[in-house]
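Residue strings, one per chain:
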Amino acid sequence: MIQYVTLLSLLLAFLLLLGVIFALQRVGRTRPDGGVVGTSGFTLAGYSYALILLAVVAGVGICYVLVRDSLWAGHLMEWLNIVVRLMHITFGIAWIGASFYFVFLENALNRTDNVRDELAGNLWAVHGGGFYYLEKYKSAPPQIPKSLHWFKYEAYFTWLSGFSLLFVVYYFNASSMLIDPRVLDISPLAGVGIGVVSFVVGWLVYDGLSRTALVRSKWFMVVGFAIAAAFAYFYAEVFSARAAYIHFGAMLGTLMVGNVFFTIIPAQKAMVRAATEGTPLDPQLGKNALARSLHNNYFTLPVLFVMVSNHFPSTFGHAYPWAILAAITLGTAGVKHWLNLREKHQSNAWVLPASVILLLGVVFVTAPKSQPGSAATAACTEVVPMSRVNQIVQTRCVQCHSSQPTDDVFKSPPNGVVYDTPEDIIRLKDKIMQRVVVTKTMPQNNKTHMTDEERDILRCWIEQGALNN
């Protein structure tokens, strides 16, 4: 009964959204300005794009309810993962690219040589076979042009697609991907609730801190990093290590889009409104927006690392994953600081070397350690037969990594890795050593309960030459 009610609700929502989208598009086409709403920069077409995204979500929900508990469920989730991930990457490139460009533009402006009084600076550039000339006004031009581009939808759709991807990968499969009973044995619903609430708490803490006088001090960076490290530790103590990293990145992404929605865009709206009405503008609004934009610029490299971190178990598979995450966050932010200084033609002799040394230190700390006198060494007193290795793999690994997986989540082998034959196992021995033996990140959250003794046997077999004996 609940399934039918859910399906009917999603279908009604889908049809209602289609009707509203059609109406907005039709009205927008009848207006010469595209349906601009007030001085906010929002257009009817822009609102319709947001509704299209909601309609897609409703459509996916309908498909999922229809194929739930069937062979198509896993197939749908995999393609949903692909589509949403591609959207997230595309919007993210647009947003981060714009962030990098405008911070570069701010840093590289010519502010002294033949600059008109009403300008804060200008810049000549050459790109793509053409010359460009850009000017930045101190406040606003005498007349606001009709066609004014707002850089905001890139941020909004990056966050929306990223939040959707978080649901697709981690929340819809919370018992397998989000919760690790060895870390904290909680229900999937509690895990999802903690994740979502943590983003709200993170924004409130950051925004409150940014509204204090501390934001104008260098201590703001120190306190901010300490809070970020605390969040990394919290996530590592609640979720699986892989999910902890993703939540840390999602938290930073939430801060970034919060800056755009609550500070940067409102300041820009105030600027446009003041210029249109000819009223004085509070210059502090522009300074606050610029500061938040700069914060976003420093968040970008740590967020980009988190986006790719799930492919590198040497990081999240460490005994102290939160410390590794904090160190990489500090190191990558340091590299971005050096790049910003370089764009300003300011020299600093220690920022880049210190950041690189910190990142190299992470490489050294996460390197596999030899374990003399361990169970692994003791197990290597005898030759490990391939039959024993194959038995372990067939018992613990092929639920996911086979041509026909039986896992309740993965309906196709992750990353195309299969262990159907002894030859497959030998060919992928390096992956087994890294993921199963060294970092112990596979099986996922040790779902199949692989023992340390079995991991030691696999390590011994690989160190003996991974022979098919």
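In case you missed it, the structure is sitting above this.
Predicted model, so just to flag it, every value in this text is computed and none were measured.

**Q** Hey, could you go over the overall build of the chain for me, with residue numbers and the actual values?
**A** Each helix and strand counted, the chain has 17 helices and 2 strands in total. Dimensions of the chain, computed from C-alpha atoms along their principal axes, come out at roughly 85 × 65 × 45 Å. Evaluated residue by residue, the chain yields a buried proportion of 41% over its 469 residues. Roughly 26,100 Å² of accessible area belongs to the chain as shown, and the carbon and sulfur atoms make up 67% of that amount. Measuring between centres, the 35 positive side-chain charges of the chain sit 8 Å from its 28 negative side-chain charges.

**Q** Now, about the environment of Ile 82: what can you tell me, with residues and values included?
**A** If you trace the backbone, Ile 82 turns up in helix H3 (residues 72-108). As a C-alpha pair, Ile 82 and His 449 span 367 residues in sequence and 29 Å in three-dimensional space.

**Q** Go over the pairing of strand E2 (residues 130-137) with me, naming the residues and quoting the values.
**A** Relative to E2, strand E1 (residues 119-127) runs antiparallel, the two being bridged by 8 bridges. From the neighbouring strand, Leu 119 faces E2, where its bridge partner is Tyr 137. Here E1 hands over to E2 after 2 residues, with Gly 128 in that stretch at a positive phi of 60°.

**Q** I'd love a proper account of the packing of aromatic side chains, names of residues and values included.
**A** For the structure shown, the criterion picks out 23 aromatic pairs. Taken together through their ring pairs, the aromatic side chains of Phe 91, Tyr 153, Tyr 156, Phe 157, Trp 203, Tyr 206, Phe 261, Phe 262 and Phe 299 make up a single cluster. The ring of Phe 100 is capped by Lys 336, whose NZ or CZ atom sits 4.7 Å from the centre of that ring.

**Q** Before we move on, could you go through a nonpolar patch on the surface and cite the residues and values that matter?
**A** A cluster of nonpolar side chains, contributed by Ile 89, Ile 93, Leu 304, Met 307, Val 308 and Phe 312, occupies part of the molecular surface with about 500 Å² of accessible area. Sort the elements by how many residues they give to the nonpolar patch and helix H9 (residues 283-309) lands first, with 3 residues. Look at Val 308 and you get partly exposed, because its relative accessible area is 40%.

**Q** Could you give an account of the environment of Ile 457, with specific residues and numbers?
**A** Among the structural elements, Ile 457 can be located in helix H17 (residues 452-463). Taking C-alpha positions, Ile 457 is 62 Å from Ala 267, a pair spaced 190 residues apart along the chain. Ignoring anything within four residues of it in the chain, the contact list for Ile 457 reads Val 384, Arg 388 and Ile 392.

Analysis parameters
Residues numbered from 1 in each chain as written. Predicted model: local features only at pLDDT ≥ 70, side-chain atom pairs only at ≥ 80, totals over all residues. Heavy atoms only, no water. Helix = DSSP H or I, 4+ residues; strand = E, 2+ residues; numbered from the N terminus. Buried < 20%, exposed > 50% of the residue type's maximum accessible area, 1.4 Å probe, protein only. Areas by Shrake-Rupley, 256 points an atom, 1.4 Å probe, with all protein chains shown as cover. Lys, Arg positive; Asp, Glu negative; His and termini not counted. Charge placed at Lys NZ, Arg CZ, Asp CG, Glu CD. Pairing = 2+ DSSP bridges. Phe/Tyr/Trp six-rings, centres within 6.5 Å; stacked < 30°, edge-to-face > 60°. Lys NZ or Arg CZ within 6 Å of the ring centre and 35° of its normal. Patch = residues over 30% accessible without salt bridge, like charges linked within 9 Å, V, L, I, M, F, W, Y side chains within 5 Å. Salt bridge = Lys/Arg side-chain N within 4 Å of Asp/Glu carboxyl O. Contact = heavy atoms within 4.5 Å.

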